[in-house]
Amino acid sequence: MQQVKLTYPLNKDQIPDGPVVLAMGFFDGVHRGHKAVINTALKIARERQLPLAILTYSHAPGIVYHQYKAGFKYLTPAPRKAAIMHELGADIVYMVSFTSAYASQEPQDFVDNFLMALHPEVVVAGFDHTYGKKDVATMERLPEYAKGRFEVVTVPKLTVEDGDGKVSSTYVRECLTNHKIEEANEALGYTYTTTGLVVHGFARGRTLGLPTANIDTPETEIVPPIGVYVTEVKIQGKWYGGMASVGYNVTFGKADEPTVEIYLFDFDQMIYGEEVSVRWYKYLRGEIKFDSADALVDQMKQDEKDARAFLAQK
């Protein structure tokens, strides 16, 4: 897969020659709704024996306008998003740097000066995708701006199973922040994954006979809220089952900031400084302040039993 970083105005020398089928969207999370768009574009591309190109963004457009007072947290940071797109069959990923200059383009200018430079034969996007001001830069009006130079395919809304709401990045975020990990994974179509660095902690788990890996997670990634979870951790290319505790260590005196500590099953290696990936499968329980270390250990052993049972059946 070829990944091309684009800025505005375009340097057209960066653009490969030849027509493509182009999918458009921010695609944070690359959830099942996004996959419907990408898979539709892939099917058309393979039928026409053309490359599949994806036009997406390296950062959330709203960041430029300070729309997120608490900062923006990604479901899939740009490298992870590109990796998933590669897995889905993308031949080219255009990673656009969203700037105020880029955003100032009128819809017709965007199509004439930016989109056409990517050589689209077909453009595919979701029903609610916009490429400028929401009232005029709609998928309904894209054929008008295309002026017959490319075909437009609009992918309809994908609804949540057992509901009428759409599968969206917002819905996935709401699930994650409300401990609904399995619902989030259903909407994503894969297991939600974060990254991090293994760092030194208080080593309390080791003194209790249940050593944990302390994960320093980037501030720009969404970590599930306080609680205990079934997880897997990828270390040096291999996945290990475990259970994660996100919390303040209230049994031993509340910490200033929440930590992510993961007890890895059947694992006993020194891994400080390792970059790891964490898959989040299921919420087990909330954080509890225990009366004693023994009571905490008893609960952790029960959590381990529950987590192992879940992982054995997944």
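Preceding this section is the structure that the text describes.
The residue count restarts for each chain, going from 1 along the sequence in the order it is written. At least 70 in pLDDT is required for a residue's local features to be given in this predicted model, at least 80 for side-chain atom pairs to be given and counted, and no such filter applies to totals for whole chains, interfaces and linings, which use all residues. With hydrogens and water excluded, all non-hydrogen atoms of the structure serve as input to the side-chain values.

Before going further, it helps to spend a moment on the overall build of the protein chain. To qualify as a helix, a DSSP run of H or I must reach at least 4 residues; to qualify as a strand, a run of E must reach at least 2; elements of each kind are numbered from the N terminus. Counting its regular elements, the protein chain contains ten helices and twelve strands. With respect to the three principal axes, the spread of C-alpha positions in the protein chain is 70 × 35 × 35 Å. Partly exposed describes any residue whose relative accessible area lies between the buried limit of under 20% and the exposed limit of over 50%, with all areas from a 1.4 Å probe on protein chains only and scaled to the type maximum. Burial statistics for the protein chain: of 314 residues in total, 47% are counted as buried. Once local pairs closer than 6 in sequence are excluded, the contacts in the protein chain between residues at least 24 apart make up 72%. The convention is simple: Lys and Arg are positive, Asp and Glu are negative, and His and the chain ends are not counted. A single reference atom marks each charge: NZ on Lys, CZ on Arg, CG on Asp, CD on Glu. A distance of 1 Å separates the average location of the 33 positive side-chain charges in the protein chain from that of its 40 negative side-chain charges. For this analysis, residues touch if any pair of their heavy atoms sits within 4.5 Å.

Here the focus is the pattern of salt bridges. By definition, a salt bridge exists where a carboxyl oxygen of Asp or Glu is found within 4 Å of a side-chain nitrogen of Lys or Arg. Scanning the entire structure with this criterion turns up 14 salt bridges. Arg141 serves as the salt-bridge partner of Glu144, at 2.9 Å between the closest nitrogen and oxygen. A relative accessible area of 45% means that Glu144 is categorised as partly exposed. Its salt-bridge partner being Asp303, residue Arg285 comes within 2.8 Å of it at the nearest N-O pair. Of this pair, Arg285 sits in strand 12 (residues 275-285) while Asp303 sits in helix 10 (residues 293-313); the two residues are 18 residues apart in sequence, bridging distant segments of the chain. Overall, Asp303 belongs to the buried group, its relative accessible area being 3%. What emerges from the salt-bridge pattern is a single network uniting Arg48, Glu121 and Glu151.

Attention now moves to helix 1 (residues 32-48). Multiplying one less than the number of residues by 1.5 Å gives the expected span of a helix. The first and last C-alpha atoms of helix 1 sit 24 Å apart over 17 residues, in line with the 24 Å expected at 1.5 Å per residue. Inspection of helix 1 places Gly33, His34, Lys35, Val37, Ile38, Ala41, Leu42, Ile44 and Ala45 among the buried residues, and these make up the whole buried set. Among the residues trailing helix 1, Gln49 stands out with phi positive, at a value near 55 degrees.

Right, let's talk about the pairing of strand 11 (residues 259-264) for a bit. Each regular strand carries side chains that alternate between the two faces of the sheet. A large share of strand 11 lies buried, amounting to five of its six residues. Should DSSP find at least two bridges between two strands, the strands are taken to pair. The pairing of strand 8 (residues 212-216) with strand 11 spans three bridges and is antiparallel. Residue Thr212 lies in a different strand from strand 11, and its bridge partner there is Tyr263.

The geometry of two aromatic rings is summed up by the distance between their centres and the angle between their planes. A pair of aromatic rings is counted whenever rings of Phe, Tyr or Trp (Trp by its six-membered ring) have centres within 6.5 Å, and the orientation is called stacked for planes under 30 degrees apart, edge-to-face for over 60 and tilted otherwise. Enumeration over the complete set of coordinates arrives at 17 aromatic pairs. Plain terms: the ring middles of Tyr8 and Phe114 are 6.5 Å apart, the flat faces sit at 40 degrees to each other, and that makes the pair tilted. Here the residue Tyr8 occupies a position in the loop between strand 1 (2-6) and strand 2 (20-24), and Phe114 occupies one in helix 5 (residues 107-115), the gap between them amounting to 106 residues. Plain terms: the ring middles of Tyr229 and Trp280 are 5.3 Å apart, the flat faces sit at 85 degrees to each other, and that makes the pair edge-to-face. Note that Tyr229 is positioned in strand 9 (residues 227-235) and Trp280 in strand 12, a separation of 51 residues in sequence. Look at Tyr229 and you get buried, because its relative accessible area is 0%.

Turning next to the packing of helix 7 (residues 169-177) against helix 8 (residues 181-188). Helix packing geometry: the angle between the two helix axes and the distance between the axes. Two elements in contact, helix 7 and helix 8, have axes separated by 7 Å at closest approach and are oriented at 160 degrees. As the angle between them shows, helix 7 and helix 8 are arranged roughly antiparallel. Handedness of the crossing formed by helix 7 with helix 8: left-handed. Between helix 7 and helix 8, the residues in contact are Tyr171, Val172, Cys175 and Leu176 and Ile181, Glu183, Ala184, Ala187 and Leu188, respectively. For this scheme, ten residues count as nonpolar: Ala, Val, Leu, Ile, Met, Phe, Trp, Tyr, Cys and Pro. Four count as charged, namely Asp, Glu, Lys and Arg, and the remainder, Gly too, count as polar. A breakdown of the residues in the contact of helix 7 with helix 8 according to their chemical character gives eight nonpolar, no polar and one charged. Axis lines are fitted through C-alpha atoms, for helices just across the contact stretch, and the angle between N-to-C directions can take any value from 0 to 180 degrees. In these notes the angle categories are as follows: under 35 degrees is roughly parallel, over 145 is roughly antiparallel, 65 to 115 is roughly perpendicular, and the rest is oblique. When the near helix sits turned anticlockwise from the far one by under a right angle, the crossing is termed left-handed; a clockwise turn instead gives a right-handed crossing.

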